[in-house]
Amino acid sequence: MTTVTNETVQRTRVGWPRIGGVAATAAVAATAVWLLWTQAGGVELEVKSGAGSQQIGVGSVIVSSLIIALAGGALLRWWEGRSERGTRRWTMLAVGIAVVSLITPTSALTLAAGLGLASLHVVVAIVVIAGLRRR
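Keep in mind that what you see is a predicted model, and the values were worked out from it rather than measured. (Residues numbered from 1 in each chain as written. Predicted model: local features only at pLDDT ≥ 70, side-chain atom pairs only at ≥ 80, totals over all residues. Heavy atoms only, no water.)

Trainee: Just give me the short version of helix H3 (residues 86–101), but keep the residues and values in it.
Mentor: Here H3 spans 22 Å end to end across 16 residues, near enough to the 22 Å set by a 1.5 Å rise per residue. Looking at H3, one finds that the buried residues are Gly-86, Trp-90, Thr-91, Ala-94, Ala-98 and Ser-101. Seen end-on, H3 carries its buried residues on one side only, within an arc spanning 125°. Exposed side of H3, more than 90 degrees from the buried face: Arg-88, Met-92, Val-99 and Val-100 are the residues found there. On its buried face, H3 sits against helix H2 (58–82) and helix H4 (111–133). (Helix = DSSP H or I, 4+ residues; strand = E, 2+ residues; numbered from the N terminus. Expected span 1.5 Å × (residues − 1). Buried < 20%, exposed > 50% of the residue type's maximum accessible area, 1.4 Å probe, protein only. Arc of directions from axis to C-beta. Contact = heavy atoms within 4.5 Å.)

Trainee: An account of the environment of Val-127 is needed here, citing residue identities and associated values.
Mentor: Relative to the helices and strands, Val-127 is located in helix H4. Remark: the alpha-carbon pair of Val-127 and Gly-20, spanning 107 residues in sequence, is separated by 12 Å. Setting aside its immediate chain neighbours within four residues, Val-127 contacts Val-22, Thr-25, Ala-26, Ala-29 and Leu-132.

Trainee: Kindly report on a nonpolar patch on the surface, identifying the contributing residues and their values.
Mentor: On the surface, a nonpolar cluster with roughly 360 Å² of combined accessible area is contributed by Leu-75, Trp-78, Leu-93 and Ile-97. Within the residue set of the nonpolar patch, elements represented by two or more residues are H2 and H3. Tracing the chain through its elements places Trp-78 in helix H2. For Trp-78, a relative accessible area of 43% puts it in the partly exposed group. (Patch = residues over 30% accessible without salt bridge, like charges linked within 9 Å, V, L, I, M, F, W, Y side chains within 5 Å. Areas by Shrake-Rupley, 256 points an atom, 1.4 Å probe, with all protein chains shown as cover. Salt bridge = Lys/Arg side-chain N within 4 Å of Asp/Glu carboxyl O.)

Trainee: Which residues make up the side chain of Arg-77, and what values go with them?
Mentor: Relative to the assigned elements, Arg-77 resides in helix H2. Nearest to the buried, unbridged Arg-77 among oppositely charged side chains is Glu-80, at 6.6 Å. (Lys, Arg positive; Asp, Glu negative; His and termini not counted.)

Trainee: Quick rundown of the packing of helix H1 (residues 16–40) against H4? Include the residues and the values.
Mentor: It is the contact of H1 with H4, at a shortest axis distance of 9 Å, that shows an interaxial angle of 160°. By the angle between their axes, H1 is roughly antiparallel relative to H4. The way H1 lies across H4 gives a crossing that is right-handed. In this structure, H1 contributes Arg-18, Ile-19, Val-22, Thr-25, Ala-26, Ala-29, Ala-30, Val-33, Trp-34 and Trp-37 to the contact, and H4 contributes Ala-112, Leu-115, Gly-116, Ser-119, Leu-120, Val-123, Val-124, Val-127, Val-128, Gly-131 and Leu-132. (Axes fitted to C-alpha atoms, helices over the stretch in contact; angles between N-to-C directions. Parallel < 35°, antiparallel > 145°, perpendicular 65-115°, else oblique. Left-handed = near helix turned anticlockwise from the far one by under 90°.)

Trainee: Tell me about the nonpolar core, residues and numbers included.
Mentor: Within the largest apolar cluster, 27 residues are counted, with the highest numbers of intra-cluster contacts made by Leu-45, Trp-90, Leu-117, Leu-120, Val-128 and Leu-132. Mapped onto this core, the elements with two or more residues apiece are H1, H2, H3 and H4. Apart from residues no more than four positions distant in its own chain, Leu-117 is found in contact with Leu-45, Val-47, Ile-56, Pro-105 and Ala-108. (Core = buried A, V, L, I, M, F, W, Y, C linked by side-chain atoms within 4.5 Å.)

Trainee: Can you break down the pairing of strand E2 (residues 52–55) residue by residue, with the values?
Mentor: The pairing of strand E1 (residues 46–49) with E2 spans 4 bridges and is classified as antiparallel. Each bridged residue has a counterpart across the sheet, and for Val-47 the counterpart in E2 is Gln-54. Between E1 and E2, which pair antiparallel and follow one another directly, the connecting turn spans 2 residues, one of which, Gly-50, has a positive phi of 65°. (Pairing = 2+ DSSP bridges.)

Below, the structure written as structure tokens:
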């Protein structure tokens with residue numbers, strides 16, 4: 001005798017509290033890295049901007065980290081609700097974006113500034129990807 005059950009698979013999505021927490025953690029981690037490079041290391045984080053240069057301040061580090069983490073979390077939440085492989089696809093996309101983002105530090109005025117900016121990108125990527133994937 002065969003028994004058939006009608007089970008539905010319920011997809012779990014990352015929650016907004018976790019997304020907010022990861023965004024805050026990414027901002028704090030990026031701020032710590034910025035402080036290490038600028039205050040402890042004495043490195044001016046400057047990039048070429050048109051005919052001049054632009055200094056990367058702590059405010060832009062915090063705001064950009066928050067925006068990236070919140071946008072990434074919203075995309076993950078949306079994708080998880082629509083696909084069984086949403087988390088895997090999001091992870092591949094997030095890693096790809098993180099790798100491509102490492103092009104931007106090449107516009108730094110000094111090697112030290114480039115390394116500092118690259119480390120900011122890597123730290124935020126690690127916090128966001130690991131933090132949002134963890135269950």
